[in-house]
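# Commentary on secondary and tertiary structure
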Protein chains: 2
Amino acid sequence: MQKPSLPVFIPSGFRFAATACGIKKSGKLDLSLIVADRPVRGAGVYTTNQIVAAPVLISQSRTPSSEIRAIVTNSGNANACTGDQGTQDALAMTAQVANKIGCDPDGVLVMSTGIIGHALPMEKVTAGIDAATEALSDSESSFLSAADGILTTDVDRKVVSTQIKIDGQTYTIAAMAKGAGMIAPNMATMLGVVLTDAPLSANVAADVLKTAANLSFNRVSVDGHTSTNDTLLLLSSGEGEFLDGDELDQFQYRVNEVCIDLAKKLVADGEGATHVMAINVTGAANEADAELIAKTVAASPLVKTAITGGDPNWGRIVSATGYAGPKIDPTKTSLKICSVTIYRDGSPEPFDAKSLSESMKSNPEVEIELRVGTGPGQAKYWSSDLTCDYVRFNSEYTT
Amino acid sequence: MQKPSLPVFIPSGFRFAATACGIKKSGKLDLSLIVADRPVRGAGVYTTNQIVAAPVLISQSRTPSSEIRAIVTNSGNANACTGDQGTQDALAMTAQVANKIGCDPDGVLVMSTGIIGHALPMEKVTAGIDAATEALSDSESSFLSAADGILTTDVDRKVVSTQIKIDGQTYTIAAMAKGAGMIAPNMATMLGVVLTDAPLSANVAADVLKTAANLSFNRVSVDGHTSTNDTLLLLSSGEGEFLDGDELDQFQYRVNEVCIDLAKKLVADGEGATHVMAINVTGAANEADAELIAKTVAASPLVKTAITGGDPNWGRIVSATGYAGPKIDPTKTSLKICSVTIYRDGSPEPFDAKSLSESMKSNPEVEIELRVGTGPGQAKYWSSDLTCDYVRFNSEYTT
């Protein structure tokens, strides 16, 4: 998988720009634009929160579609809980982009992230969209600027790109995202965009994105708090016959990888995080059960703090499987941390605690392998650990 | 409601003792005994965790019953994940008490709390039971010792007692509990005992206890991690006609109050807690929905840290209602913190943020009133806030 410091593969047919229009007081990039040269297929996956921001409702109503031309994103203001004004503002953003690039407003998708409950500073946004449409380019630096323009308090840029050869044809996938964890007074919202020049129909694009999201962004958590603005979009610019059958399977697999890689970057950059916990549950009755158990272990503050402290505390992990909900077999429950078996078939195993604690502390990713029975269900889940920095960051702000 | 510093009302028919038998390295009291002079009605409510400690299984199999004579509790070792040995040890504890006081082992209930995955030091436990049975007394100081003997890392003793007059007859209720929050390497387990001289049948005692537990101990959380050992027991020593009808309703109400009071003590003494959050959800479709929404708000690390910091951050609270699961009406969602309306019918309300922040900081109990629609469902829930001390306490231990 491509690292951001290496050259980025950029699918053909897209141009990018970002500007600092003044939404963020810091003066950092806060308006980002992705424009397709021609109408492309677009699909989206959106927050399941019942409190939904205006831009989410608009993008949701416009996907899947075969006529998408652009994605406009502002950071620094989530345009959430902003009532009718928020809807008007989000519509105005898409209308302005449509007018500038010459398409129907329905061909423009919109995302927002940042503080909630405040109206967008539309004068600044309008100027920003004007400036961005003038600066569009297909260069790597423009792509990276667009990726930077969607960040809020993320420490690191989150970009993944790759190429895949299917039946002799090389396709490119490039993706960007911004961080998880909700940040006072901002809501840090997960936003992501996957671009490809592989030819996909709009409906297939929607399926591919949903499958990938379920295996990646829906399997990570920082603090378990679902934002009002979460949005993941996929645009496919590829011409010619749409992928299907085996070709599509190969492509799906690679999109899964890209999304998992991006999702793990979100967790690694979670507020105050010092470790990624990678939880792999096997032996559950089915995949849904395995996912719920993994998610419960991932969310336990006692498990998170044990990982922070490099403590191979099997009691906390095993007991979390017992209250997750799905049926488990306590006599067939086993646990490995960093490949060391410390609990087998319901009983503790002797292990070198000091050495295991050392490898937990020194590994940025701590692997937790949990067998909960003899069923076929398995699932992976990623979470950040819980540190004082998280608490400080989220409590030492006062309205 | 009686405070522990005031005289404690103790129902007639019970004697108490506690000893330090050496399970705890600190030398603190770690074996506690409650003995009824005659067989009394006993009922229990137990952990829903599928990983269940041996003493829980034994007490569970012996309640409800009209032939209970004693409760023996050790602290410092949970006798959980200890296999057949654990079952033998727990049975041996009850058999020894039964032998000492002259009853069938089925008349003795057992609770344990402390480190998991280690066999009980039975030589010490046996000596402790011998010493405790010699020291039994109905004095207030013995009752308080018994309450101290079930604590682990709790800072404060948790005792509530009260009297209620029903149809000219005065009944006494005295209850003790130990703390929530799971503590490395211990599992801090909720244990509780309610004693009364009000006459209840065994089955009614079970109903009364279940109702009270659902409104109290099942409505509090420190870190949402359900222990393997949670046990709440009720013993009724009262002779004569069993309470029913209006009399029983009055009694039930008072037991609810006692249990809510005890449960709030658990939260206030949660690890690192600086505030109790009291979450009152109204307007949900039904009580179960209201409870789930309140629980979700209570569990959000972002809400908890906002309370820690005295931050009236309505975005975090309102967005948590939106991902809790139950249907809400975003246009009828309103929020008060410390009686100040800050969000009304889906829109932010102007308020004096500085003054509200001051009252949040200075109030040990921060009240969050959340209306989520126009339905009849309501529920109260209590939780601790999340501080660096919690993280430190739970991460700075290494096996």
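One numbering rule holds for all chains: residues counted from 1, following each sequence as written. Chain letters and ligand numbers both follow the written order, the letters beginning at A and the numbers at 1. Where local features are concerned, this predicted model is filtered to residues with pLDDT of at least 70; where side-chain atom pairs are given and counted, the filter is 80 or more; whole-chain, interface and lining totals use all residues. Neither water nor hydrogens contribute to the side-chain values; these are computed over all heavy atoms in the structure.

An unreviewed UniProt entry lists chain A under the name Arginine biosynthesis bifunctional protein ArgJ, with Rubripirellula obstinata as the source organism. Quoted verbatim from the Subcellular location (unreviewed entry) field of UniProt, the annotation for chain A is "Cytoplasm". According to the UniProt record, the Subunit (unreviewed entry) comment for chain A is "Heterotetramer of two alpha and two beta chains." UniProt positions are given in the numbering used here, feature names are shortened, and annotations may be inferred rather than shown by experiment.

### Details of the interface of chain A and chain B
Contact between two residues is taken to exist if any of their heavy atoms lie within 4.5 Å; hydrogens are not considered. Across the boundary between the two partners, chain A contributes 59 residues, which contact 59 residues of chain B. Joining two parts hides part of their accessible area as seen by a 1.4 Å probe, and the buried area is that hidden amount summed over both. A buried area of about 4,200 Å², summed over both sides, lies between chain A and chain B, and 61% of it is on carbon and sulfur atoms. Broken down residue by residue, the surface that chain A buries against chain B is led by Q50(A), H225(A) and L302(A), which jointly contribute 16%. What makes a salt bridge here is a side-chain nitrogen of Lys or Arg within 4 Å of a carboxyl oxygen of Asp or Glu, nothing more. Our count for the chain A to chain B interface comes out at 0 salt bridges. For the purposes of these results, a polar contact is taken to be a pair of N or O atoms within 3.5 Å, where, inside protein, one atom must be able to donate a hydrogen and its partner to accept one; residues adjacent in sequence count only when each atom of the pair is a side-chain atom. Our enumeration of links across chain A and chain B arrives at 10 residue pairs in polar contact (both at pLDDT 80 or more). Only DSSP runs of H or I reaching four residues or more are called helices, and only runs of E reaching two or more are called strands; each is numbered from the N terminus. Elements represented by at least two residues in the side of chain A that touches chain B include exactly α8 (301–308), α9 (314–323), α10 (353–362) and α11 (388–395) of chain A.

### So, the pairing of strand β6 (residues 169–178) of chain B
Residues and elements named next belong to chain B. Relative accessibility thresholds used throughout: buried, under 20% of the residue-type maximum; exposed, over 50%; partly exposed, between the two (1.4 Å probe, protein chains only). Burial runs high along β6: 8 of the 10 residues are buried. One ladder, built from 9 bridges, connects strand β5 (residues 158–166) with β6; its direction is antiparallel. In the strand pairing of β6, Q163 is matched with T172. Between β5 and β6, which pair antiparallel and follow one another directly, the connecting turn spans 2 residues, one of which, D167, has a positive phi of 50°. Two strands pair when backbone bridges link them, and β6 and strand β8 (residues 191–196) are joined in this way by 6 bridges, in the antiparallel orientation. Residue pairing for β8: K178 is matched across the bridge by L191. Following DSSP output, two strands are said to pair if at least two bridges run between them.

### With respect to the sheet that holds strand β14 (residues 347–348) of chain A
Either a parallel or an antiparallel arrangement is found when strands of a sheet pair, and the pairing is made through backbone hydrogen bonds. Residue and element names in this part refer to chain A. Strand order in the open sheet formed by 7 strands is β9-β16-β11-β15-β12-β13-β14, with mixed pairing between adjacent strands. Since the sheet does not close on itself, it has two edges, and those belong to β9 (220–221) and β14, each with one partner. Pairing geometry for strand β12 (residues 333–337) and strand β15 (residues 365–372), over 5 bridges, is antiparallel. The residue of β15 that forms the bridge with S334 is R371. Note on definitions: angles span 0 to 180 degrees between N-to-C directions of axes, and those axes are lines fitted to C-alpha atoms, for helices only across the stretch in contact. Lying on the sheet, helix α7 (residues 287–299) is in contact with β11 (276–284), β15 and β16 (377–384); it crosses β16 at an angle near 25°.

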